[in-house]
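# Fold and contact review
Here is what each chain is made of, one letter per residue.
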Amino acid sequence: MSENLLLDATHVAYSYRGIPAVRDVSLTVSPREVVAIVGPNGAGKTTLAKMLSGVLPPAEGDIRIDGRSIAGMRPSKVPALGVGIVLEGRHVFPGQSVLVNLELGAFARKLKGAALASEIQRIFGIFPDLERCADKPAGSLSGGQQQMLAIGRSLMGAPRILILDEPSMGLSPKLASEVYAALASLRDSGLAILLIEQNARLALEFCTRGYVLQYGRIVLEGPVADLREADLVRKIYLGSEAVAA
């Protein structure tokens, strides 16, 4: 394994009741790299996201962060390795305010006082909507605002890589554009991002390299310019069939 890899998954697999969901998947993310994983519903994307973030232990293979295996590690310990996790469904604390949600994101860093306030202001700079509703319960926010809050809370942990599972799911095109505009500022700041998306058009416009996942396997990989020209991607993900689906 190259010492320059931030995330390195090798031959990982996972099954539900004997039915394979992810089969023999290998992928890497280097520091400052922005990588996409695209695929249709049922391709195994969310299962893979949960394995890469430590929520599910791989039945086979290994996942390493900076060379350290997370196999068998408690999920709560994985963020301390520099991993920010935003799984599908947003997972905010609905009864707590936006401010409290953000504070909880920095719990492991034990930030207090001015240091904590400074980090919260940094998140407000990325997501101005959150500052405007800082005292509101997270459950009262729009879907787009909740997605911003979930990302912001993850950023409060000062990750070196951000793993995002379906950040545009359930959002209007306008709100998805707003979320991606904020993600672009993070990308441009040098944060490594692994973007797992069903919306291939968005993902391939945002990232520089990608993988295509089908039936639990990686079927294509490479620079996004090459993926966009591949027959499979053009016909199923970027063409008329993708629109019809």
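The text that follows walks through the structure, step by step, so that each part is easy to find. Bear in mind the structure is a predicted one, so any value in this text is a computation, not a measurement.

Within the secondary structure, Ser154 sits in helix 5 (residues 143-155). In this structure Ser154 comes out as buried when scored by relative accessible area, which is 11%. At 3.0 Å, the side chain of Ser154 and the backbone nitrogen of Ile85 are in polar contact. In this structure Ser154 touches Gly84, Ile85, Val86, Pro159 and Leu162, once residues within four positions along its chain are discounted.

What follows covers helix 1 (residues 45-52). Residue pairs spaced three or four apart in an α-helix point in one direction, given the helix's 3.6 residues per turn. Counted residue by residue, helix 1 has six buried out of eight residues, so it is predominantly covered. Every buried residue of helix 1 is accounted for by Lys45, Thr47, Leu48, Ala49, Met51 and Leu52. Of the residues one or two after helix 1, Gly54 is the one with positive phi, at around 90 degrees.

For the pair helix 2 (residues 98-105) and helix 3 (residues 113-126), interaxial distance at closest approach is 10 Å and the crossing angle is 115 degrees. Classified by the angle their axes make, helix 2 and helix 3 are roughly perpendicular. Two packed elements cross with a definite hand, and for helix 2 against helix 3 that hand is right-handed. Side by side, helix 2 and helix 3 meet where Leu99, Leu102 and Glu103 of the first sit next to Leu116, Ile120, Ile123 and Phe124 of the second. Per-class residue counts for the contact of helix 2 with helix 3 are six nonpolar, no polar and one charged.

To continue, consider the pattern of salt bridges. This structure, assessed with the given rule, holds ten salt bridges. A salt bridge links Asp62 to Arg64; the shortest N-O distance between them is 3.2 Å. A salt bridge links Arg234 to Glu229; its shortest N-O distance comes to 3.5 Å. Residue Arg234 is classed as partly exposed on the basis of its relative accessible area, which comes to 43%. For Glu229, a relative accessible area of 54% translates into the label exposed. Here the salt bridges share partners, and the residues they tie into one network are Arg109, Glu119 and Arg122.

With 50 residues, the main nonpolar core has Ile151 and Leu162 as its most contacted residues. Among the elements that line this core, the one with the most residues is helix 6 (residues 173-188), at seven residues. Residues in contact with Ile151, not counting those within four places in the same chain, are Val86, Phe127, Leu162, Leu164, Val179, Leu183 and Leu186.

What follows is about helix 2. Within helix 2, the full set of buried residues consists of Val98, Asn101 and Leu102. Down the axis, helix 2 shows its buried residues gathered within 95 degrees of arc, on one side only. Check the buried side of helix 2 and you find it contacts helix 3, helix 4 (128-132) and helix 5.

This part covers the side chain of Ser168. You can see Ser168 is positioned in the loop between strand 7 (161-165) and helix 6. Classification of Ser168 as buried rests on a relative accessible area of 10%.

With that settled, consider the pairing of strand 1 (residues 7-16). When a strand is regular, its side chains alternate between the sheet's two faces. Summarising the sheet, strand 1 and strand 2 (residues 19-29) pair through seven bridges and their orientation is antiparallel. Bridge pairing links Ser15 to Pro20 in strand 2. In this antiparallel pair of consecutive strands, strand 1 and strand 2, the connection spans two residues, and Arg17 shows a positive phi of 50 degrees. With five bridges joining them, strand 1 and strand 4 (residues 60-65) adopt antiparallel strand pairing. Across the sheet, residue Ala13 finds its bridge partner in strand 4, namely Glu60.

The rules behind the values
- Residues numbered from 1 in each chain as written.
- Predicted model: local features only at pLDDT ≥ 70, side-chain atom pairs only at ≥ 80, totals over all residues.
- Heavy atoms only, no water.
- Helix = DSSP H or I, 4+ residues; strand = E, 2+ residues; numbered from the N terminus.
- Buried < 20%, exposed > 50% of the residue type's maximum accessible area, 1.4 Å probe, protein only.
- Polar contact = N/O pair within 3.5 Å; in protein donor to acceptor, adjacent residues only side chain to side chain.
- Contact = heavy atoms within 4.5 Å.
- Axes fitted to C-alpha atoms, helices over the stretch in contact; angles between N-to-C directions.
- Parallel < 35°, antiparallel > 145°, perpendicular 65-115°, else oblique.
- Left-handed = near helix turned anticlockwise from the far one by under 90°.
- Nonpolar A, V, L, I, M, F, W, Y, C, P; charged D, E, K, R; others polar.
- Salt bridge = Lys/Arg side-chain N within 4 Å of Asp/Glu carboxyl O.
- Core = buried A, V, L, I, M, F, W, Y, C linked by side-chain atoms within 4.5 Å.
- Arc of directions from axis to C-beta.
- Pairing = 2+ DSSP bridges.

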